[in-house]
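Residues per chain are reported as follows:
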Amino acid sequence: MAVVAIPKASEEATSAPTPTTQPNTITLRISRFNPSNDSLPTFAEFKIPVQKWTTVLEAILHVKQNLDHSIAVRYSCRQASCGSCGMKINGKPALACYTKISEIGSKVVTVEPMSNFPIIRDLAVDFKQLFSDHKKMKPFIMRDDSEITPGTKEFVQTPKDLEKFLQFSYCIKCGLCNSACPTMATDESFIGPQGLAQAYRYVADNRDQGKKDRLKIVDQSHGIWRCHFAGSCSHVCPKGVDPAMAIQLLRGYLMGFRK
Amino acid sequence: MAERLSNREGIRGMANPTRYGIERVAYWLQRLTGLGLLAYLIGHIYETSSIVNGKVAWEKMLELTQTPQGHIILTIVIGMCVYHTANGIRVMLGHGGIGVGKPGEPEYPYKAASLNYKQRLCIWVSIALAALAMMYGAAVLFGD
């Protein structure tokens, strides 16, 4: 007869290593919608194991790899640098690669495409308007001379000059601000916080001479005056760009508070 | 169909104050009180215009406001007026770039400088002033 030795309680505590990272199981609800076939979005539910470091993007990719490969999702860098994986996570716009499931604090995680952007399929949305509005703001230094003209020197800036626009140049064009904006929710011609913040980024740059042009572009009925400073854009920005601040500072030029 | 394809949140999304902190609640209250005051203004013009129909019509209209329901409506109007004014001043100053912080190097966890404690304090003060004014108004209206 085989005898099984049962270790004492004190022995057990030291000899048997207990796993500290037991995977939890959560329910991931993914919005499914194909504009060419479906009339309304539906939700597909998946039970998946997650660790405390698992991000929402990793959870979606787990589903894509093991359970349903047909899910459409846009992603690239997985480190909040490219701005591709913006989506609504439990109703709030966020980057999927930058949101840990353990931080959400819910056993049910619902992912939907970002609001205020047309849906291409499932979680992938169309950025055509965002990029078009960004281009309208002339996102480049405008001046007559150039650093590469022979005989000229580089345009020197002090750290103080740099600080005036640096944070706004960190925009990764993820579209989360436009998705959270209450004006974007109802006005499809509104430039949006992303575009307006980029206008300020160049207006505040002391190398730039296109302030008049840009202020003319934003000074219109669907431009800067439709921002009501709800602050939702800055609330969701994953890079600390603070579009709400940029818009108010830009409006300061139009209202004569700034020169 | 077009709205579904554009995937805009629409008025329901715009009027949802729950997801983006106290600043979005302040925005929602500002809009709501604005609409409320517009409705009051129209009602007020209608009420005062009754005077052109003579003294009897005017007094009949005044009686409507001297009821408990009329007092409740006026108390709410006082609250709406005070909140809309106080928060409106905060928003107007913010629109000129005053009190929204200074640009700087963003540091993790990237707290937005424009959503600073001064802004939040002003929102809470606006709400508190509205509540106080409503209490005072209610005491005066229901006091007699």
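See the structure shown above.
What you see is a predicted model, and the numbers here were worked out from it, not measured in a lab.

(A) Layout of the overall build of chain A. When you go through chain A residue by residue, the secondary structure sums to ten helices and seven strands. Against the compact-globule benchmark of 18 Å for 259 residues, chain A has a radius of gyration of 24 Å, which places it well outside the compact range. For chain A, the spread of C-alpha atoms along the three principal axes comes to 95 × 50 × 35 Å. Taking all 259 residues of chain A together, 50% fall into the buried category.

(B) Representation of unusual backbone geometry within the structure. Here the residue pair B:Tyr108 and B:Pro109 is connected by a cis peptide bond, since its omega of 5 degrees sits within 30 degrees of zero. With respect to the helices, strands and loops of the structure, B:Pro109 is situated in the loop between α5 (68-95) and α6 (117-143).

(C) Representation of the environment of A:Pro150. Along the chain, A:Pro150 turns up in the loop between α4 (128-136) and α5 (159-163). Taking C-alpha positions, A:Pro150 is 32 Å from A:Cys171, a pair spaced 21 residues apart along the chain.

(D) Looking closely at the interface of chain A and chain B. Listed per partner, the contact involves 54 residues of chain A and 37 residues of chain B. Buried area between chain A and chain B, summed over both chains or domains, comes out near 3,600 Å², and the portion from carbon and sulfur atoms is 57%. Contact with chain B buries surface across chain A, with A:His228, A:Phe229 and A:Met245 losing the most and accounting together for 16% of the total. Inspection of the region where chain A meets chain B yields one salt bridge. The partner of A:Lys88 in a salt bridge is B:Glu9, with the nearest N and O atoms 3.7 Å apart. Taken together, chain A and chain B are joined by 17 residue pairs in polar contact (both at pLDDT 80 or more). Going through the elements one at a time, β4 (92-95), α6 (176-180), α9 (232-236) and α10 (243-254) of chain A are the ones with two or more residues in the side of chain A that touches chain B.

Rules used in this analysis
Residues numbered from 1 in each chain as written. Chains lettered and ligands numbered in written order. Predicted model: local features only at pLDDT ≥ 70, side-chain atom pairs only at ≥ 80, totals over all residues. Heavy atoms only, no water. Helix = DSSP H or I, 4+ residues; strand = E, 2+ residues; numbered from the N terminus. Rg over C-alpha atoms; globule rule 2.2 N^0.38 Å. Buried < 20%, exposed > 50% of the residue type's maximum accessible area, 1.4 Å probe, protein only. Contact = heavy atoms within 4.5 Å. Buried area = accessible area lost by both parts, 1.4 Å probe. Salt bridge = Lys/Arg side-chain N within 4 Å of Asp/Glu carboxyl O. Polar contact = N/O pair within 3.5 Å; in protein donor to acceptor, adjacent residues only side chain to side chain.

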